[in-house]
Each structure stands twice: as C-alpha cells, then as structure tokens.
Amino acid sequence: MSDHAKEGQQHPLTIYLWIWVLLFVLSTFSYMVDYYHVQGYLRWSLIIVFMLLKAGFIVAIFMHMAWERLALKLAILVPPLCLLVLIAFMAIEGDYTFLTRGAAFLR
C-alpha cells in the first residue's frame, strides 16, 4: 500500500478533541435549561435541538459517517427519516380522529 493511501485513512486527533469539547459545551447548555427552570415549549425545543446536535456530531465524527460515500450515508439515514415522516403522519391523523370524535360526542 502506498504512503498516500495510508495517510488518507488517518484522521487528525484534534478534530476528535474539538468535537469532544463541543459535546461537553452542548451538554452544559442542555443542563442549563434545567438549571434555569426554562418551561414550556422552549424547554423541550432546546432539549431536542441540543440532543439532535450531539447525536449528529457523534454519528458524523466518532462513527466516521462524515468520511463515508454519499450512497452509504443515504442508505443509512433515509430509512429512519422516512419512518419519522410516517410517525408524523400518524400523529396528525390521530389528533384529527381524536378531535373529530370529541366534536361528534359533544353534539
């Protein structure tokens, strides 16, 4: 194997350290949401945003997804996204059914 091929497979250690620090900072922000008693939709929005950011960085860097081919990224990421869309449709349909039944029973 050539030196160039061996060199291309190594990722600099500094990127892992920066992501580790970034994950620590995002976790601190997540804990601050509870510490400052943020309530309501803002609380859950912030917690979910921080959670998704941390998960994205972990998958991209520590699971080496950032260096994979596009076809593999799509093969791994598209099916869960399709499931999330279907779950959202089911939640909307469930709310509609619940509200429709409630309106029908109030008559």
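Scroll up for the structure.
Our subject in this report is the structure included herewith. The structure presented is a predicted model; accordingly, all values stated were derived computationally and were not measured. (Residues numbered from 1 in each chain as written. Predicted model: local features only at pLDDT ≥ 70, side-chain atom pairs only at ≥ 80, totals over all residues. Heavy atoms only, no water.)

**Description of the overall build of the chain**
Each helix and strand in the chain was counted, giving 4 helices and 0 strands. Reading the secondary structure of the chain in the N-to-C direction produces α-α-α-α. In terms of its C-alpha atoms, the chain occupies a principal-axis envelope of roughly 80 × 40 × 10 Å. When each of the 107 residues of the chain is scored for burial, the buried share is 11%. (Helix = DSSP H or I, 4+ residues; strand = E, 2+ residues; numbered from the N terminus. Buried < 20%, exposed > 50% of the residue type's maximum accessible area, 1.4 Å probe, protein only.)

**Re the environment of glutamine 10**
Positionally, glutamine 10 belongs in the loop between helix H1 (3–8) and helix H2 (13–35). For glutamine 10, a relative accessible area of 60% corresponds to the exposed category. Here the alpha-carbon distance between glutamine 10 and alanine 71, two residues 61 residues apart in the chain, equals 22 Å.

**Some remarks on the layout of surface pockets**
Of the pockets and cavities examined, the largest pocket occupies roughly 190 Å³. Surrounding the largest pocket, Ala55, Gly56, Val59, Met63, Met65, Ile76, Leu77, Pro80 and Leu81 form its lining. At the level of secondary structure, the elements contributing two or more residues to the lining of the largest pocket comprise helix H3 (41–62) and helix H4 (70–106). Ranked by residue count, the leading element in the lining of the largest pocket is H4, at 4 residues. A breakdown of the residues in the lining of the largest pocket according to their chemical character gives 8 nonpolar, 1 polar and no charged. (1 Å grid on protein atoms, 1.4 Å probe; cavity = no way out; pocket = protein on both sides within 12 Å on 5 of 7 lines; lining within 4 Å. Points joined across faces, edges and corners; volume = space filled by probe spheres on them. Nonpolar A, V, L, I, M, F, W, Y, C, P; charged D, E, K, R; others polar.)

**Some details on a nonpolar patch on the surface**
A contiguous nonpolar surface patch, about 1200 Å² in accessible area, is contributed by Leu72, Ile76, Leu77, Leu81, Leu83, Leu84, Val85, Leu86, Ile87, Phe89, Met90 and Ile92. By secondary structure assignment, the location of isoleucine 76 is in helix H4. Residue class for isoleucine 76 comes out partly exposed when judged on its relative accessible area of 40%. (Patch = residues over 30% accessible without salt bridge, like charges linked within 9 Å, V, L, I, M, F, W, Y side chains within 5 Å. Areas by Shrake-Rupley, 256 points an atom, 1.4 Å probe, with all protein chains shown as cover. Salt bridge = Lys/Arg side-chain N within 4 Å of Asp/Glu carboxyl O.)

**Describing H3**
Compared with the 32 Å implied by 1.5 Å per residue over 22 residues, the 31 Å span of H3 between its first and last C-alpha is a close match. The complete set of buried residues in H3 reads Arg43, Phe50 and Ile61. All buried residues of H3 lie within an arc of 75° about the axis, which places them on one face of the element. Exposed positions of H3 whose direction lies more than 90 degrees from the buried face are Tyr41 and Leu52. The inward-facing, buried residues of H3 abut H2. In the segment just after H3, histidine 64 is the residue with positive phi, at about 60°. (Expected span 1.5 Å × (residues − 1). Arc of directions from axis to C-beta. Contact = heavy atoms within 4.5 Å.)

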